[in-house]
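# Fold and geometry: a report
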Amino acid sequence: MQDQPSAQTAVSEYVLSQIEAVDVEISVVLGRSVLPMSQLLRMGRGAVIPLDASEHDEVWILANNHPVARGEIEIREDRIAITVTRTADVYDFMAGAA
């Protein structure tokens, strides 16, 4: 007689397949800036918005607009990549910490 998967195994496999079917939007925040609306409205093509970050600062990695990790920017050939360096502190993100 062949071993049949237990009900618990079947449920676990079903739950895992459901989790794997979920799409998550990943965003990366390089920095922030506060501008008066009048300045924003005057900006046109080629305008530069200064950010509160420098070249080697960590970036925020967001999953569905929720901070989940910090990372560093890497340039690989002609692509930009992010290396995860640590978990995110949601309170630092909300406070605008760099």
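Anything mentioned here points back to the structure above.
The following refers to the structure shown. Small disclaimer: the values here were computed from a predicted structure and weren't measured.

## So, the environment of His56
Turning to its location among the elements, His56 is positioned in the loop between helix H2 (37–42) and strand E2 (59–63). Separated by 16 residues in sequence, His56 and Glu72 place their C-alpha atoms 7.5 Å apart.

## Considering the packing of aromatic side chains
Scanning all chains against the criterion turns up 1 aromatic pair. For the pair Trp60 and Phe93, a centre-to-centre distance of 5.1 Å together with 75° between the ring planes defines the contact as edge-to-face. Of this pair, Trp60 sits in strand E2 while Phe93 is found in helix H3 (residues 90–95), placing the two residues 33 residues apart along the sequence. Look at Phe93 and you get buried, because its relative accessible area is 12%. The ring centre of Phe93 lies 4.4 Å from the NZ or CZ of Arg32, which sits over that ring. Positioned over the ring face of Trp60 is Arg70, at 3.8 Å from the centre of the ring.

## Examining the sheet that holds strand E4 (residues 79–87)
As summarised here, the arrangement of the 4 strands in space is E1-E2-E3-E4, forming an open sheet in which the pairing is antiparallel. Two strands lie at the open edges of the sheet, namely strand E1 (26–29) and E4, each paired on one side alone. Between one strand axis and the next, the sheet turns through 40° on average, direction left out of account. Pairing between E2 and strand E3 (residues 66–76): 5 bridges, direction antiparallel.

## Considering the environment of Ser54
Turning to its location among the elements, Ser54 is positioned in the loop between H2 and E2. Under the relative-accessibility criterion, Ser54 is labelled partly exposed at 47%. Sequence-wise, Ser54 and Gly31 are 23 residues apart; in three dimensions their C-alpha atoms are separated by 8.6 Å.

## Topic: unusual backbone geometry
One non-glycine residue, Asn65, lies in positive phi territory at about 65°. Structurally, Asn65 can be placed in the loop between E2 and E3. Even without being a glycine, Glu77 presents a positive backbone phi close to 55°. Within the secondary structure, Glu77 is located in the loop between E3 and E4.

## Considering the side chain of Arg70
Structurally, Arg70 is set in strand E3. Among buried charged residues, Arg70 stands out as having no salt bridge; its nearest opposite-charge side chain is Glu58, 4.3 Å away. A polar atom in the side chain of Arg70 sits 3.3 Å from the backbone oxygen of Glu58. Within the structure, Arg70 has its side chain in polar contact with the backbone oxygen of Val59 (distance 3.3 Å).

What counts and what doesn't
- Residues numbered from 1 in each chain as written.
- Predicted model: local features only at pLDDT ≥ 70, side-chain atom pairs only at ≥ 80, totals over all residues.
- Heavy atoms only, no water.
- Helix = DSSP H or I, 4+ residues; strand = E, 2+ residues; numbered from the N terminus.
- Phe/Tyr/Trp six-rings, centres within 6.5 Å; stacked < 30°, edge-to-face > 60°.
- Buried < 20%, exposed > 50% of the residue type's maximum accessible area, 1.4 Å probe, protein only.
- Lys NZ or Arg CZ within 6 Å of the ring centre and 35° of its normal.
- Pairing = 2+ DSSP bridges.
- Axes fitted to C-alpha atoms, helices over the stretch in contact; angles between N-to-C directions.
- Lys, Arg positive; Asp, Glu negative; His and termini not counted.
- Salt bridge = Lys/Arg side-chain N within 4 Å of Asp/Glu carboxyl O.
- Polar contact = N/O pair within 3.5 Å; in protein donor to acceptor, adjacent residues only side chain to side chain.

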